[in-house]
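If you want the building blocks of each chain, they are given just below.
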Amino acid sequence: MFLRSHLRDGGRVPASVQPYFFLSYAHTPRFGPGGPDPDMWVERLFRDLCNHIMALTSLPAGSEAGFMDREIRSGEGWSERLGAALATCRVFVPLFSPRYFASEMCGKEWFAFAQRAIQLGAVSNEKTEAIIPALWVPVPPSQLPLPAERLQFNHNTFGERYVTDGLYGLIKLRGYAEQYEHAVYELARRIVNVAETVRLEPVRPLDYRVVPSAFGPAGSRHGGPSARTLHVTVAAASRHDLPEGRSPEYYGESALEWNPYHPASQRPVAYVAEELVKNLNYQTTMSSFDDEAGHFDGKQPPTRPEILIVDRWAVEDEHRRQRLAAFDQEHRPWINVVVPWNRYDHQSRVKEAELAHRLEETLPVKMSQGRAACRAAANGVASMETLGQILPQVVEAAAQQFLRHAQAYPPAGHTPTERRRLLGPMGMSDPPPAPFPPTAQHGTDAGNDSTDTDRGDADDSQS
């Protein structure tokens, strides 16, 4: 309760109150009524990790070494409890298993924590990784969603048996107690090392119920050639072609280096958006609008959903404004607009009304479409934190439009063939003679090829 009220009131959470790790796992249903609780083995692992961490650190007695959700994500306050733990824990420990990556709840936990690390990385402009995966049950690489596949983690240091059998195998099989203890101790050491090195600061808790899953919707959770892709385009100036009087401190050598949230953020907005999109189980590509202008063709079916990140200052250049206006006239509903806008930027604040009006005139269709998908995205995203909250909604809207307009392809290896026809009574390809001559009395005409067999198929399909 102290932790939640401290965050709610905007206070700083003491380091001793932050849980060292959040153990994320997929609840296993009981086998039959009254059967043993299969999650008791996960609870044993959690207790062992907590004991090792208390021994390896100077945490005072009573401190929260870790957090584990022992309930089935239901009941009063479950969302608040999970949100507070994910907003404060130092390290995220997902227990890999096939069931884990099929769980939407586990995907939500992953994304909520990953968003914190991305925001910290934007502030420091350094790669921030505080996710330490543990193998509960080994999972083939082909079954890993993209966020898990991208983790650079060497499981071999935890022992050969750990890699082949996972922690569940070591804890259940007789004769592997020593290998289990070694793996858990090494995992605890890794948690402590990352927690002390990364120093992930607490943030305001997210509403866990509306957080997206890092594994994507069902059916899109595996990597490989068929994985989902999304393109990010940035419409902004470089420091070499700024409007007269515009400060260059927010710009770089290209549009992709535009950093509207400077100095609070040290990382360009395109790269922050890229990291957020990757943690929605997408492969991403990026480009400048100036480089892409002239290559858009609204008559061609889309190949991926897209996000257009627009600097309102970009419309001050007349040639770019005209290209944006021409782009707006093409029918491309699978491209959604995001407008970052830093009100702490004095120049932007002074010209806000003027630039906003000019952008509305330039992109009336896209701005209207953007508001329908996410009003905040089109009206001006005020901070990096807000960007992390609204971007999943923008991506989902673009993905839905992409699915509506994309060209449908038959499965690989499928060759369209002529519909097979039933053979005659003697195996001949010619149909048998009609039992009645075609007359108006039977509701047929000379061009009607309907048969009793066809009517039978229709009846079967309705039964």
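You'll find the structure just up there.
Rules used throughout
Residues numbered from 1 in each chain as written. Predicted model: local features only at pLDDT ≥ 70, side-chain atom pairs only at ≥ 80, totals over all residues. Heavy atoms only, no water. Helix = DSSP H or I, 4+ residues; strand = E, 2+ residues; numbered from the N terminus. Buried < 20%, exposed > 50% of the residue type's maximum accessible area, 1.4 Å probe, protein only. Contact = heavy atoms within 4.5 Å. Pairing = 2+ DSSP bridges. Axes fitted to C-alpha atoms, helices over the stretch in contact; angles between N-to-C directions. Left-handed = near helix turned anticlockwise from the far one by under 90°. Nonpolar A, V, L, I, M, F, W, Y, C, P; charged D, E, K, R; others polar. Parallel < 35°, antiparallel > 145°, perpendicular 65-115°, else oblique. Bend = angle between axes of the 7 residues up to and from the residue. Salt bridge = Lys/Arg side-chain N within 4 Å of Asp/Glu carboxyl O. Core = buried A, V, L, I, M, F, W, Y, C linked by side-chain atoms within 4.5 Å. Right-handed = clockwise from strand over helix to strand, strands pointing away. Phe/Tyr/Trp six-rings, centres within 6.5 Å; stacked < 30°, edge-to-face > 60°. Lys NZ or Arg CZ within 6 Å of the ring centre and 35° of its normal.

> I would appreciate a short explanation of the overall build of the protein in the present structure.
Tallying secondary structure elements over the protein gives 17 helices and 8 strands in all. Relative to its full complement of 463 residues, the protein shows a buried share of 47%. Of all intrachain contacts in the protein linking residues separated by at least 6 positions in sequence, the fraction that spans at least 24 positions is 77%.

> How should I be thinking about the sheet that holds strand 3 (residues 91-96) in this particular structure?
Think of a sheet as strands paired side by side through backbone hydrogen bonds, with each pair either parallel or antiparallel. Reading across from one edge, 2-1-3-4 is the order of the 4 strands in this open sheet, with parallel pairing throughout. Two strands in the sheet have a free side with no partner beyond their single neighbour: strand 2 (66-68) and strand 4 (134-135). Summarising the sheet, strand 3 and strand 4 pair through 2 bridges and their orientation is parallel. Bridge pairing in strand 4 places Leu 95 opposite Ala 134.

> Looking at this structure, how should I read the packing of helix 5 (residues 104-124) against helix 16 (residues 384-405)?
Between two packed helices, what matters for the description is the angle formed by their axes and the separation of those axes. Where helix 5 meets helix 16, the axes come as close as 10 Å, and the angle between the chain directions of the two elements is 145 degrees. The element helix 5 and its partner helix 16 pack so that their crossing is right-handed. Each of Phe 111, Gln 115, Gln 119 and Ala 122 in helix 5 lies in contact with helix 16, whose residues at this interface are Met 384, Glu 385, Gly 388, Gln 389 and Pro 392. In terms of residue class, the contact of helix 5 with helix 16 is made up of 4 nonpolar, 4 polar and 1 charged.

> Please clarify how the packing of helix 13 (residues 352-362) against helix 14 (residues 364-373) should be interpreted in this entry.
At a minimum axis distance of 5 Å, the contact between helix 13 and helix 14 shows a crossing angle of 105 degrees. Judged by the inter-axis angle, helix 13 sits roughly perpendicular to helix 14. Within the contact between the two elements, helix 13 uses Leu 359, Glu 360, Glu 361 and Thr 362 and helix 14 uses Pro 364, Met 367 and Arg 371. Grouping the constituent residues of the contact of helix 13 with helix 14 by class yields 3 nonpolar, 1 polar and 3 charged.

> For this particular structure, what's the right way to read the sheet that holds strand 6 (residues 283-288)?
As summarised here, the arrangement of the 4 strands in space is 6-5-7-8, forming an open sheet in which the pairing is parallel. In this open sheet, the two edge strands, each paired with only one partner strand, are strand 6 and strand 8 (335-338). With direction set aside, neighbouring strand axes in the sheet form an average angle of 20 degrees.

> Would you explain helix 7 (residues 160-172) in this entry?
Along an α-helix, residues three or four positions apart point the same way, because every turn accommodates 3.6 residues. Considering bend angle alone, the principal kink of helix 7 is centred on Gly 166 and spans about 105 degrees. Considering only its buried residues, helix 7 is in contact with helix 2 (40-56), strand 4 and helix 8 (177-198).

> Help me out: how do you make sense of the side chain of His 155 in this one?
Its location among the elements puts His 155 in the loop between helix 6 (146-149) and helix 7. The buried category is assigned to His 155, whose relative accessible area is 16%. Those residues in contact with His 155 that sit more than four places away from it in its chain are Pro 133, Leu 135, Tyr 162 and Val 163.

> Help me understand the pattern of salt bridges in this model?
Between side chains of opposite charge, pairing is possible as soon as their charged atoms come close. Tallied over the full model, the rule gives 19 salt bridges. Arg 358 is the partner of Glu 316 in a salt bridge, and the nearest nitrogen-oxygen pair spans 3.9 Å. One end of the pair, Glu 316, is in the loop between strand 7 (306-310) and helix 11 (318-329); the other, Arg 358, is in helix 13, with 42 residues separating them in the sequence. Of the charged contacts, one joins Glu 352 and Arg 343 as a salt bridge, the two residues approaching to 3.2 Å between their closest N and O atoms.

> Any chance you could explain the nonpolar core here in plain terms?
Note that soluble globular proteins tend to have their nonpolar side chains buried in a common cluster. Within the largest apolar cluster, 104 residues are counted, with the highest numbers of intra-cluster contacts made by Phe 21, Trp 110 and Ile 191. Considering each element in turn, this core owes the most residues, 9 residues, to helix 8. The residues contacting Ile 191, other than those within four sequence positions of it, are Tyr 20, Phe 21, Leu 49, Ile 53, Val 91, Val 93 and Ile 132. Listed in part, the 16 residues of the second largest apolar core include Val 310, Val 315, Val 339 and Phe 402.

> Would you take a moment to explain the environment of Leu 308 for this structure?
One can find Leu 308 in strand 7. Separated by 29 residues in the primary sequence, Leu 308 and Val 337 have C-alpha atoms spaced 4.8 Å apart.

> Please explain the pairing of strand 7 as it appears in this structure.
Consecutive side chains along a regular strand alternate between the two faces of the sheet. With 5 of 5 residues buried, strand 7 lies mostly within the body of the structure. What you see with strand 7 is no split at all: Glu 306, Leu 308 and Val 310 on one side and Ile 307 and Ile 309 on the other are buried throughout. In this sheet, strand 7 lies alongside strand 5 (residues 229-235) in parallel orientation, the contact comprising 5 bridges. Counted as the bridge partner of His 231 is Glu 306 from strand 7. Where strand 7 lies against strand 8, 4 bridges are found, and the strand directions are parallel. The residue of strand 8 that forms the bridge with Glu 306 is Ile 335. Each parallel crossover has a hand, and the one from strand 7 via helix 11 to strand 8 is right-handed.

> Would you take a moment to explain helix 3 (residues 78-88) for this structure?
The buried fraction of helix 3 amounts to 9 of the 11 residues, a majority that puts the element mostly inside the structure. Where helix 3 is concerned, the buried positions are Trp 78, Ser 79, Leu 82, Gly 83, Ala 84, Ala 85, Leu 86, Ala 87 and Thr 88.

> What's the story with the packing of aromatic side chains in this structure? I'm lost.
Geometry of an aromatic ring pair is reported as the spacing of the ring centres plus the angle between the planes. The tally for this structure, following the rule as stated, stands at 15 aromatic pairs. The interplanar angle of 70 degrees and the centroid separation of 5.2 Å between the aromatic rings of Phe 101 and Phe 215 together place this pair among those described as edge-to-face. You can see Phe 101 sitting in helix 4 (residues 98-101) and its partner Phe 215 sitting in the loop between helix 8 and strand 5, a full 114 residues away along the chain. With respect to class, Phe 101 is no different from Phe 215; both count as buried. Three or more aromatic residues link up through ring pairs in this structure, and these residues are Phe 22, Phe 67, Phe 92, Phe 96, Tyr 100, Phe 101, Trp 110, Phe 113 and Phe 215. The ring of Tyr 282 carries Arg 228 above its face, with NZ or CZ at 3.9 Å from the centroid. Sitting over the face of the ring of Trp 341, Arg 312 holds its NZ or CZ atom 4.5 Å from the ring centroid.

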